[in-house]
Amino acid sequence: MSDNHSTMLGKDIGLTSCPTCHKVTCAKSTHCSRCGAALTVRDYSSVQKSWALLITAMILLIPANVYPISTLTNQGRVTQDTIFSGIAHLVKTDMIPIAIILFVASILVPILKIVGLTIYLCAISFKLPISKKKLMTGFHVIEWIGRWSMLDLFVISLTVAVVNMGQLLDAKPAPAATAFALVILLTQLAAKVIDTRLLWDRLEAKDDSSTNA
């Protein structure tokens, strides 16, 4: 097969895919015949939207790790923990497996998501010479693991519900919990709004081949 055919895109032959149900249809159609969603050949503004969401998440990542994420009141004594101090406390109390889970879910995953999305958006914006297939694989991994980064907030909510005993013992989320939740939400949205077909528009025959619609 020649390079012209191997790198042919759906838009070159008048086809596009539905962003909702992924049905391949005529590019001239305004709505999907299957689900009724609005159709566009490419959403070029999605790159700017994704960059805006990602940069906001980067900024919020600082207070999410600097400020306390939980406040525990035990017989009048108030103790506040950041994500790092909470993990350190778990290590000191020999709860290493839980500490590892929280480290991966609360620190490693958000940072890797931000780094991964930054590389992905830079590849689209600046035409980086990176294999498109590898980038798409990494993108799908980012989408899949992103949901597990809410584990830390899930633990806090359970602690608040179970440990709350009035003035003797009281657990509450602290300001960093809101910032952390926003980081997770914004990175998820940054990955959701991006039109992945823009990556394949930069396709080069020496890197990959595709017939993506």
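Residues numbered from 1 in each chain as written. Predicted model: local features only at pLDDT ≥ 70, side-chain atom pairs only at ≥ 80, totals over all residues. Heavy atoms only, no water.

Asker: Explain the overall build of the protein to me, please; I cannot follow it from the model alone.
Answerer: A tally of helices and strands in the protein yields eight helices and five strands. Sequence separation of at least 24 residues holds for 66% of the intrachain contacts in the protein that already meet a minimum separation of 6. Carbon and sulfur atoms make up 66% of the accessible area of the protein, which totals about 12200 Å². (Helix = DSSP H or I, 4+ residues; strand = E, 2+ residues; numbered from the N terminus. Contact = heavy atoms within 4.5 Å. Areas by Shrake-Rupley, 256 points an atom, 1.4 Å probe, with all protein chains shown as cover.)

Asker: Where do I start with the layout of surface pockets in this structure?
Answerer: Over the atoms rolls a probe the size of a water molecule, and its path tells where empty space is left. There is about 610 Å³ of room inside the largest pocket. If you trace the largest pocket, you find 20 residues lining it, with Pro-19, His-22, Lys-192, Ile-194 and Thr-196 closest to the centre. Of all the secondary-structure elements, those providing two or more residues to the lining of the largest pocket are α5 (132-146) and α7 (175-193). Looking at the lining of the largest pocket residue by residue, the class counts come to nine nonpolar, six polar and five charged. (1 Å grid on protein atoms, 1.4 Å probe; cavity = no way out; pocket = protein on both sides within 12 Å on 5 of 7 lines; lining within 4 Å. Points joined across faces, edges and corners; volume = space filled by probe spheres on them. Nonpolar A, V, L, I, M, F, W, Y, C, P; charged D, E, K, R; others polar.)

Asker: Looking at this model, I keep getting lost on the pairing of strand β4 (residues 77-81). Mind explaining?
Answerer: Remember that side chains alternate between the two faces of the sheet whenever the strand is regular. In this structure, strand β3 (residues 70-74) lies alongside β4, joined through five bridges in antiparallel fashion. Following the sheet pairing, Asn-74 is matched in β4 by Arg-77. Linkage of β3 to β4, two consecutive antiparallel strands, is achieved through a turn of two residues, within which Gln-75 is found at a positive phi near 55°. (Pairing = 2+ DSSP bridges.)

Asker: Help me understand helix α2 (residues 46-66) in this model?
Answerer: Helix length check: α2, at 21 residues, gives a terminal C-alpha distance of 31 Å against a target of 30 Å (1.5 Å per residue), a fit within 8%. Of the residues making up α2, those classed as buried are Ser-46, Val-47, Ser-50, Trp-51, Leu-54, Ala-57, Leu-61, Ala-64 and Asn-65. (Expected span 1.5 Å × (residues − 1). Buried < 20%, exposed > 50% of the residue type's maximum accessible area, 1.4 Å probe, protein only.)

Asker: Explain the packing of aromatic side chains here, please?
Answerer: Throughout the structure, instances matching the rule amount to one aromatic pair. When the ring of Tyr-120 is compared with that of Phe-139, the centres are 4.7 Å apart and the planes differ by 25°; the resulting orientation is stacked. Taken as a pair, Tyr-120 in helix α4 (residues 96-126) and Phe-139 in helix α5 lie far apart in primary sequence, 19 residues in all. Summarising the burial analysis for this pair, Tyr-120 and Phe-139 share the class buried. (Phe/Tyr/Trp six-rings, centres within 6.5 Å; stacked < 30°, edge-to-face > 60°.)

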